[in-house]
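Here's the letter readout for the chains.
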Amino acid sequence: MTDSPAEKKKIVLSGIQPSGVFTIGNYLGAIKNWAEIQEQYDCVFMVANLHATTVRQDPAALRKNTIDGFAMLLAAGVDPKRSIVFIQSHNPHHTQLMWALNCFTQFGELSRMTQFKDKSARYADNINAGLFTYPTLMAADILLYQADLVPVGADQKQHVELARDIVNRMNGVYGNLFTLPDCLFPKAGAKIMSLADPTKKMSKSDANPKSFVAVLDPKDTVIKKFRSAVTDSGSGIYRAPGKEGIGNLMTIYSAFTGKTDEEITAEFDGKGYGDFKTAVGETVADALAPIRERFAEISADKAYLRACWESGCEAAQRLSGRTLNKVYKKVGFLP
Ligand code: TYM
C-alpha cells in the first residue's frame, strides 16, 4: 500500500461468498477483474464467510469452501504480495462497524433489496435477521477500508447503492467519515446467465449443476455443459430477442477472447449452434486450465495458505481499525 499523498492510489474492496464452488459468472463478473486491477489500485479482497451463513451451511463444508475460496483467489491471480487478501470472519471490525451502520439504515431500505426478496422466497422457512441486514454488513466491508471502487457483477449494484446512501447519511451527521464508493464493472461479463435458463443469473448455489460452469470443472465437463446449454431452435450467431441463450454464450466467448460481437458473428458465419457451443466450451476450458493447475498446487501447501491469510488479516485490521476508531468516537462510544 502506498502512503504518500503524491502517489496515492484509489482503494478497491471486494469479496466473494464461499457458499459453493466458484462459477465462471464469479470469475468473469469479479475475480478476473480483481487480478487485473492490482497494479492500478490498492486492493483489499476477502472471502466473505460471514455473509455465507445467512443461509444454513454445513460447518465442515463451510470451512472447506472458505479455504478453497481463498486458494481460488490466489490461483486466479490475486497476489498476496501486492494486495491484501483475507478471510472476513478473522477481522472482527466488520461486525463491529455493521452495528453502527445498522442504526443508520431503514427497515424500508432493506425490505426493498431484490436479493433479500429472492432469497426469502427461496428459503421461506429461514428468513433470518442476518439475511435481512446482510447489505449493512456488506456496506461495513466496503466503508471500513474507505474504498473508492468496488469491482462486482451487476447483481451487487443495489447493495453498493445502499452503502452510498449510508455514507451520505452518516457523513451528513458526523462530517467526513467515509469515502463514497462506486461500482466497477467488467467490460464484458457483468451478468452471466444460467446455461439451463438464460433468463436467470448463473449462480453457484443453483441446484442444477448443468446451469453453471465451475472454474474447477475438468475440460470435458466444461465442453459437455456448453454443448447442452439451452438455446432457441433458430440459427445464426447474433444477438436478438428470443436468442438470449446465444447472446449469453457470445458474452462468455467475448469475455474470454476480447472479441467483439461483430467479430464473433463473422467468425461463425455459416456455422451452426453446435459448432459455436463447442468453440465456446473449448475456449473456456483452455482458459481455465492454468487456474485449475495453480489451484491444485496452492491447495496442497496448507502452511503457505495459512501464512497468507494471517498476514492478510493483520494488514486488513490495521486499515479497518482506523475507520472503526473514528466512527466509534464520532458516534459517542467511550474509548
Ligand atoms: P457473490 O459471492 O454472490 O459473488 C461474488 C462476485 O461474483 C459476481 N457474480 C457474477 N457476475 C457476473 N455474472 C454472474 N452470474 C455472477 N454471479 C456472481 C458478484 O456480482 C460478485 O461480485 N455480497 C457479495 C459478496 C460481498 C461483497 C462485499 C462484494 C460481501 N462483501 C463487499 C463487494 C464488496 C456476494 O454475495 O457475492
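Note that the structure is predicted; figures quoted are calculated from it, not measured.

S.K.: So what exactly am I meant to see when it comes to the layout of surface pockets here?
M.R.: Empty space among the atoms becomes apparent when a probe as large as a water molecule is rolled across them. Approximately 1200 Å³ is the volume attributed to the largest pocket. Every residue lining the largest pocket is counted, 48 residues in all, and those nearest its centre are Gln-115, Asp-155, Gln-156, Lys-201 and Ser-203. Broken down by secondary-structure element, the contributors of at least two residues to the lining of the largest pocket are strand E1 (11-16), helix H1 (24-36), helix H6 (114-122), helix H7 (129-144) and helix H8 (157-174). The class makeup of the residues in the lining of the largest pocket is 18 nonpolar, 19 polar and eleven charged.

S.K.: Just checking my understanding: could you explain the state of the cysteines for this structure?
M.R.: One covalent bond between the sulfur atoms of two cysteine residues makes up a disulfide. Under the criterion given, the structure shown has zero disulfides. The cysteine Cys-183 is free of any disulfide, with Cys-43 supplying the nearest cysteine sulfur at 15 Å.

S.K.: Sorry, what's going on with the site of the ligand here?
M.R.: Taken together, 28 residues form the shell around the ligand, and within it Gln-17, Tyr-134, Asp-141, Asp-155 and Ile-192 come nearest. Between Asp-155 and the ligand, the recorded distance is 2.4 Å, taken from a side-chain N or O atom to an oxygen atom. At 2.7 Å from a nitrogen atom of the ligand is found a main-chain nitrogen or oxygen belonging to Ile-192. Structurally, the ligand is housed in the largest pocket. Split by residue class, the shell around the ligand holds 13 nonpolar, ten polar and five charged.

S.K.: Would you mind showing me how to read the pattern of salt bridges here?
M.R.: As a working rule, side chains carrying opposite charge can pair if their charged atoms are close by. For the coordinates displayed, the defined rule picks out 14 salt bridges. Between Arg-239 and Asp-261 there is a salt bridge; the shortest N-O distance is 2.7 Å. Remark: Asp-261 occurs in helix H11 (residues 261-267) and Arg-239 occurs in the loop between helix H9 (219-227) and helix H10 (244-257); sequence separation between them is 22 residues. A cluster of three or more residues bridged by salt bridges with shared partners is formed by Glu-39, Asp-79 and Arg-82.

Basis of the calculations
- Residues numbered from 1 in each chain as written.
- Predicted model: local features only at pLDDT ≥ 70, side-chain atom pairs only at ≥ 80, totals over all residues.
- Heavy atoms only, no water.
- 1 Å grid on protein atoms, 1.4 Å probe; cavity = no way out; pocket = protein on both sides within 12 Å on 5 of 7 lines; lining within 4 Å.
- Points joined across faces, edges and corners; volume = space filled by probe spheres on them.
- Helix = DSSP H or I, 4+ residues; strand = E, 2+ residues; numbered from the N terminus.
- Nonpolar A, V, L, I, M, F, W, Y, C, P; charged D, E, K, R; others polar.
- Disulfide = S-S within 2.5 Å.
- Near = heavy atom within 4 Å.
- Polar contact = N/O pair within 3.5 Å; in protein donor to acceptor, adjacent residues only side chain to side chain.
- Sits in = over half its atoms within 2 Å of the grid points.
- Salt bridge = Lys/Arg side-chain N within 4 Å of Asp/Glu carboxyl O.

Shape descriptors only; they carry no functional weight alone.
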